[in-house]
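# Residue-level structure breakdown
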Amino acid sequence: MAVNLTDLSLPQLEGLKTQLDQEVEFLTSSIGQLKVVQTKYVEAKDSLNVLNKNNKGDHGYLELCMFVLDIPVTQMYVPGTLNDVEHVLVDVGTGYYVEKNVEDSKAFFKRKIDFLTKQIEKIQPALQEKHAMKQGNFLISVHHHTM
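How each quantity is defined
Residues numbered from 1 in each chain as written. Predicted model: local features only at pLDDT ≥ 70, side-chain atom pairs only at ≥ 80, totals over all residues. Heavy atoms only, no water. Helix = DSSP H or I, 4+ residues; strand = E, 2+ residues; numbered from the N terminus. Salt bridge = Lys/Arg side-chain N within 4 Å of Asp/Glu carboxyl O. Buried < 20%, exposed > 50% of the residue type's maximum accessible area, 1.4 Å probe, protein only. Contact = heavy atoms within 4.5 Å. Pairing = 2+ DSSP bridges. pLDDT = per-residue confidence, 0-100. Core = buried A, V, L, I, M, F, W, Y, C linked by side-chain atoms within 4.5 Å.

With respect to the helices and strands, H131 occurs in helix α2 (residues 102-146). In the structure, H131 is positioned 110 residues away from D21 in sequence and 8.7 Å away in space, judged by C-alpha atoms.

Applying the stated rule across the entire model yields five salt bridges. In this structure, E23 engages K130 in a salt bridge whose closest nitrogen and oxygen atoms are separated by 2.8 Å. In this pair, E23 sits in helix α1 (residues 10-47) while K130 sits in helix α2, placing the two residues 107 residues apart along the sequence. Here D114 makes a salt bridge to K110, at a shortest N to O gap of 2.7 Å. Linking D114 with K110, this pair stays in helix α2, spanning four residues, or about one helical turn. Looking at K110, the relative accessible area reads 44%, which means it is partly exposed.

Let us look at the side chain of Q38. Assignment of secondary structure puts Q38 in helix α1. Beyond its immediate sequence surroundings of up to four residues, Q38 is in contact with I113, L116, T117 and I120.

Where strand β3 (residues 87-93) meets strand β4 (residues 96-101), six bridges bridge the pair, whose relative direction is antiparallel. Its bridge partner being in β4, V88 is matched across the sheet by K100.

Looking now at the confidence of the model for the chain. When the pLDDT values of the chain are averaged, the result is 82; 81% of them are 70 or greater. This model gives residues 140-147 a pLDDT under 50, and the stretch forms 10 contacts once residues within four places in sequence are excluded.

Soluble, globular proteins show a tendency: their nonpolar side chains are buried together. Grouped together as the largest cluster of nonpolar side chains are 18 residues, with contacts concentrated most on Y41, L48, L51 and F109. Counting only elements with at least two residues in this core, the list comes to α1, β3 and α2. Of the residues forming this core, the biggest block, eight residues, is contributed by α2. Excluding its chain neighbours within four sequence positions, the residues that come into contact with Y41 are F108, F109, K112, I113 and L116.

Following this line, the structure appears as structure tokens:
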């Protein structure tokens, strides 16, 4: 059901503006969160490129992070040796890790990245529509108020 905005009272227009503001904020936040997760998958996929037979047996420091709600809260480095360059443990969600070979891991991360890209692309038009509605609401609100 379409509503002519010029028929709405000022309090109704203000309520509509508040609702649109909340929807824009929610959609913007959702896209931001999806992009953060997407970036983590891209970084994880890219980090697999350093694993090759030439690195086997290398000594270095391993970064250990403790996460709370996917946010690193503590970091520390421990000495380690790279013994297996063909297999990695992949966090597949809800605290489960699966051992995969490097190529399968890259494919897994690519699927996750592609999925998140599609979700962002689905949300983006809704956000643009809400922005356009908000702009229209503001113009009509100003016009309505001056009458």
